[in-house]
Amino acid sequence: MRRLPYLYILAVFILSFGMSFIPGLDATRFDPLLAGQPQAPSLHHPFGTDDLGRDVLVRSISGAKISLLVGIVSVVLSTVLGVSVGLLCGYFEGVTDAIIMRLVDVLMALPTLFLILIIQSLWKPSIWNVVIVIGLTSWMGTTRLVRAEVLSVKQRLFIISAKARGISTSRLVFKHMLPHTLSPVIVSATLGVGSAILTESVLSFLGLGVQPPYASWGNMLERSVPLMNEAPWMSIVPGVLITLTVLSLNVLSDHARAALNKKERVVS
Amino acid sequence: MSLKVENLSVSFSSGGHTVTAVDHISFEIPDKTIVGLVGESGSGKSVTAMSVMQLLPPQAVLSGSILWKGQNIMGLSNTQLRSIRGSEMGLIFQNPLAALNPVFSVGNQMIETIVLHQNVSTARARDIAIELLQKVQIPDAALRLDHYPHQFSLGMCQRLMIAITLSMRPKLLIADEPTASLDVTVQAQILTLLNDLKEELDMSILLISHDLGVIAQNCDEMLVMYLGKLIEKGKPSELFKHPMHPYTQALIAAIPSPFSKRSEVTHVLKGDIPSPLHLPSGCRFHPRCPKAFALCSEKEPRLEPVCGREVACFLATEATSNSR
Amino acid sequence: MNITNGLYIKKFLRRLIPSLFTLLGISLVSFMLMHLAPGDPASMMLDPKLSLQDKALLKHNLGLDQPLWTQYGHWLGHVLRGQWGYSYVSGKPVLRAIAERLPATMILSVSSLTLILMLTLPLGLWSGYRKDTGFDKTVTLLSFVGMAMPTFWLGLVLMLIFSLKLDWLPTSGFLEPGLETSSFWEQSVAIAQHLILPLMTILIGSLAGLTRYYRFETIGILTQDYIQAARARGLSETRILFKHALKNAMLPMVTLLGLMLPELVSGTFVIEYIFSWPGMGQLGISAVFARDYPVLMGMLMMSSVLIIVGNWLSDVAYRWVDPRIS
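What counts and what doesn't
Residues numbered from 1 in each chain as written. Chains lettered and ligands numbered in written order. Predicted model: local features only at pLDDT ≥ 70, side-chain atom pairs only at ≥ 80, totals over all residues. Heavy atoms only, no water. Phe/Tyr/Trp six-rings, centres within 6.5 Å; stacked < 30°, edge-to-face > 60°. Helix = DSSP H or I, 4+ residues; strand = E, 2+ residues; numbered from the N terminus. Buried < 20%, exposed > 50% of the residue type's maximum accessible area, 1.4 Å probe, protein only. Lys NZ or Arg CZ within 6 Å of the ring centre and 35° of its normal. 1 Å grid on protein atoms, 1.4 Å probe; cavity = no way out; pocket = protein on both sides within 12 Å on 5 of 7 lines; lining within 4 Å. Points joined across faces, edges and corners; volume = space filled by probe spheres on them. Nonpolar A, V, L, I, M, F, W, Y, C, P; charged D, E, K, R; others polar. Patch = residues over 30% accessible without salt bridge, like charges linked within 9 Å, V, L, I, M, F, W, Y side chains within 5 Å. Areas by Shrake-Rupley, 256 points an atom, 1.4 Å probe, with all protein chains shown as cover. Salt bridge = Lys/Arg side-chain N within 4 Å of Asp/Glu carboxyl O. Lys, Arg positive; Asp, Glu negative; His and termini not counted. Charge placed at Lys NZ, Arg CZ, Asp CG, Glu CD. Axes fitted to C-alpha atoms, helices over the stretch in contact; angles between N-to-C directions. Left-handed = near helix turned anticlockwise from the far one by under 90°. Contact = heavy atoms within 4.5 Å. Buried area = accessible area lost by both parts, 1.4 Å probe. Polar contact = N/O pair within 3.5 Å; in protein donor to acceptor, adjacent residues only side chain to side chain. Pairing = 2+ DSSP bridges. Core = buried A, V, L, I, M, F, W, Y, C linked by side-chain atoms within 4.5 Å. Domains from an automatic or database assignment.

Teacher, can you tell me more about the packing of aromatic side chains here?
Inspection of every chain in the model, using the stated rule, returns 12 aromatic pairs over all chains. Where Phe114(A) meets Phe269(C), the ring centres are 4.6 Å apart and the plane angle is 65 degrees; that geometry is what we call edge-to-face. Residue Phe114(A) is located in helix α4 (residues 112-122), and its partner Phe269(C) is located in helix α10 (residues 237-274); the two belong to separate chains. Each of the two residues, Phe114(A) as well as Phe269(C), counts as buried. Taken together, the ring pairs connect Phe31(C), Tyr72(C), Trp75(C) and Trp84(C) into an aromatic cluster. Sitting above the plane of the Phe104(B) ring, Lys243(C) keeps its charged end 4.7 Å from the centroid. Above the face of the Phe104(B) ring, Lys247(C) is positioned so that its terminal group lies 5.2 Å from the ring centre.

Right, here's the structure in full:
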């Protein structure tokens, strides 16, 4: 039971990224004979087809790649940004810190999703825009976390002793402080991937995310709305996939937190 | 005989390891006496106290029996225990500040307890609470009742704990290191207070401490614990004059005295108290014992009566059997 | 008396001034974001057949041909005088357009917030108290699943089941046309029926976080000495859990609520949109599609004020519930 989420994530990864190597599986290919009338799940199309006659299973796997890509890349972006700004603020304190933290306050007082919607509607929606927008609007939490951690680590004895030994600033930051801040960052990044996947799905659902003909779980949902009653599989498949993926990622994050807590207790 | 503990063992299992914190100990607390329980930290003193109150976490495994007025309270349900906790046995803690709920006023917590145990109205309970605070010498009692625990000093908090416990009029007070976190002058005040109240209310006290001085001055009987085992018990006056177990001897020798020079301190114990995960074979004290011999690592000595007390050491039992 | 009043005013100002700067920052960031974007509302909202000349005229009328800083200065100056401009779409003054949407949003958010608070506390306390039992595991699993579901999809599924398949509840909207003149009671019942689905959707998504949090807190609190001390005094388990543990677990809740507000606000936006709930969220999303700058600015500022005030209130509440902070 405990390994299930890991297996699931692994399976999604292998399937979605491996699909490119299997010829004949094209998410955009549609069956003109079936267009106009979505087909219920059958042996030939296990998850049914959509209203353009495209196979829902193939599209789901292809959508997985996009959703995971958006989730991971945007979190990498926000984590790199968040960690560097946090280290900067925590290390230098003073005026720089004050100004940046005010900016963080400003950004955190905005309803993020609404902001993302506005930006996406103004700029041309594309996969990369989605990634950048999510990345740029979700780094503040990490910054606060890292900054607080750096400030507390600075107080601790071993940093003072490292300074006393005349170690350079950059070495101090990267060798001594960064590792200390990593564990909470890893936990929040894992959670971040899940929430980025959710954000992407909302954006695509509103037509502001990944654009057709590319498949993403979000735009598959968008397409399914008018057909909810007649072709529920078009909605249930991507919905369940998103839920399972985010669920697994959150469970991983929970495990990571528990493991790191245990480790810290042993060390201290 | 109010409390009788027989063959009490407590073990905790976590992650595949089983740690025995208390190993087959037996003792009694007669009416109106103060029994002291001494030992280093990790010796199982607090676990003993908590098992008497039946307040150990659910993963603790207990065996043996704890008789309170002849009734075995081991394995009673929470509801049944509630009629014993507080009204029969009271408990005060090492850190009095942590033992008071930080988000309720002191009065709130006292009145709640008084209403529960004395079945009086809230207004009456408030009067009783004020009287109790005066009894434990807290100035401005009526005013202080509405203060929160963090507004009191540690010594005051311990007085508050004592006052709350006394409001239930227990027959046995278990005091787990009641003075360990306090300044020396405050320590003396608290101990005097406990002694006075014991006389006034006819209670017994189980006084747990790592401080031999505290035990010597206050107790009628003392128990020495090492790694979950009772190793010596008897009257403090005798134990202090002639400690028989080498561990007791070491404990007494380690009491700093203003008149002894540092060089005169002969019995400094070697090493640390071993991990309860890897208990030594035979006598648990032998790796640190200055007088250990071959038998000590092979066989575990039992607590046996020697000259009006009980000792678990081959040296002591042998010496007496030779002289006989 | 005067001294304490003075103190309060000083404290108030110390909070107010940074908040004002935050709001100024928000307005600047949002204004720039919107106006730096390619394309402009004039070309969006109007007939594509409009001549270049007319377009330029319109842009001039809307002030869109001036440099950004001037535009921002204009906007700020007007806002400070209470003029938030007019909606490009409906022509209504922005504040009125928003105010019209306020009651529906208040109904939805207040009822969901109340229910979240009322449900999560006992759930979290009990699963913390009964750690690792069937109850705890069920609650944990359900909260994880609730957290992982895309809310809009959950809303659609609920709509599919309860309105389309079972026909128990209305699919969307607020009040059926024709009921505007009926009695208050009839209106309330109709609104309540429409409220159930959006409310359920919000609840399922948001119960998880706080419940998990309370569970975690409770587990920690139950190991504290004061809980053991309360047991040693013979207090009942119910009293220990629902008095002594509860108040301690509740302390950080107020802070947490403050932190949850932004997410709750955005979350409600999408829900309102799906269920055609005529609140601020629906207005906001349609303004997004129409590039209705004045309305968008108004909405952003309003929600930010709401979030800042919420944080502020939660700080005050924290001081009030925690006796250790004076």
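After that view, the rundown keeps rolling.
What exactly am I supposed to notice about the layout of surface pockets here?
To find leftover empty space, one rolls a probe the size of a water molecule over the atoms. All names here are of chain C. In this model, the second largest pocket occupies a volume close to 690 Å³. Contributions of two or more residues to the lining of the second largest pocket are made by α5 (94-129), α10, α11 (280-290) and α12 (293-321). Residue composition of the lining of the second largest pocket, grouped by class: 20 nonpolar, eight polar and one charged.

Before we go on, may I ask you to explain a positive patch on the surface in this structure?
All names here are of chain C. Among the surface-exposed residues, Lys10, Lys11, Arg14 and Arg319 lie close enough to one another that they form a single positively charged patch. It is helix α1 (residues 2-36) that contributes the most residues to the positive patch, three residues altogether. Tracing the backbone shows lysine 11 in helix α1. With relative accessibility at 45%, the residue lysine 11 sits in the partly exposed group.

Help me out: how do you make sense of the packing of α5(C) against α10(C) in this one?
Geometry of a packed helix pair, given as the angle between the helix axes and the separation of the axes. Residues and elements named next belong to chain C. Between α5 and α10, whose axes approach to 8 Å, the crossing angle comes to 140 degrees. In this structure, α5 meets α10 at a crossing whose hand is right-handed. Contact residues: Thr105, Leu108, Leu113, Ile116, Leu117, Leu121, Leu125, Trp126 and Tyr129 in α5; Glu237, Leu241, Phe242, Ala245, Leu246, Ala249, Met250, Met253, Leu257, Leu264, Thr268 and Glu272 in α10. Residues belonging to the contact of α5 with α10 are distributed by class as follows: 17 nonpolar, two polar and two charged.

Would you explain the interface of chain A and chain C in this entry?
As a measure of interface size, the accessible area lost when the parts come together is often cited. Taken together, the contact pairs 39 residues of chain A with 44 residues of chain C. Contact with chain C buries surface across chain A, with Phe114(A), Leu122(A) and Met228(A) losing the most and accounting together for 18% of the total. Counting across the interface, chain A meets chain C through one salt bridge. At the junction of chain A with chain C, the criterion picks out three residue pairs in polar contact (both at pLDDT 80 or more). The set of elements that each furnish at least two residues to the side of chain A that touches chain C consists of α3 (94-108), α4, α8 (169-205) and α10 (233-267) of chain A. Top contributing element to the side of chain A that touches chain C by residue count: α10(A), with 11 residues.

What is the right way to read the sheet that holds strand β3 (residues 34-38) of chain B from this model?
One key point about sheets: their strands pair by backbone hydrogen bonds, in either a parallel or an antiparallel sense. Residue and element names in this part refer to chain B. Taken in spatial order, the eight strands make up an open sheet running β6-β7-β8-β3-β9-β10-β12-β11, and their pairing is mixed. Of all strands in the sheet, those bounded by a partner on one side alone are β6 (89-92) and β11 (304-306). The sheet shows a mean angle of 25 degrees between the axes of neighbouring strands, direction not considered. Pairing of strand β10 (residues 229-234) with strand β12 (residues 309-311) involves two bridges; the strand directions are antiparallel. Its bridge partner being in β12, glutamate 232 is matched across the sheet by valine 311. The strands touched by helix α1 (residues 45-53) within the sheet are β3, β6, β7 (172-176), β8 (204-209) and β9 (221-226), with β6 carrying the most contacts at an inclination of about 145 degrees. Across the sheet, helix α10 (residues 246-253) lies against β9 and β10, angled at about 105 degrees from β9, the strand it touches most.

So what exactly am I meant to see when it comes to the nonpolar core here?
In summary, soluble globular proteins display a tendency toward joint burial of nonpolar side chains. Ranked by size, the top nonpolar core spans 114 residues in total, and within it Phe114(A), Ile118(A), Met34(C), Trp75(C), Phe152(C), Ile274(C) and Met299(C) carry the most contacts. Sort the elements by how many residues they give to this core and α10(A) lands first, with 10 residues. Counting contributing residues, this core receives three or more from each of domain 1 (21-80) and domain 2 (97-321) of chain C. Residue contacts for Ile274(C): discarding those within four places in its chain leaves Phe205(A), Phe152(C), Leu156(C) and Met159(C). Grouped together as the second largest cluster of nonpolar side chains are 94 residues, Ile25(B), Ala163(B), Met222(B) and Leu227(B) included.

Can you help me understand the sheet that holds strand β5 (residues 71-72) of chain B in this one?
Residues and elements named next belong to chain B. What the four strands build is an open sheet, ordered β2-β1-β4-β5; its pairing is antiparallel. Taken across any chain shown, the strands that pair with only one partner, and hence form the sheet edges, are β2 (17-29) and β5. One ladder, built from nine bridges, connects strand β1 (residues 3-14) with β2; its direction is antiparallel. Across the sheet, residue serine 11 finds its bridge partner in β2, namely threonine 20. Along the sheet, α1 contacts β1, β2 and β4 (60-68); its crossing angle with β1, the most-contacted strand, is approximately 110 degrees.

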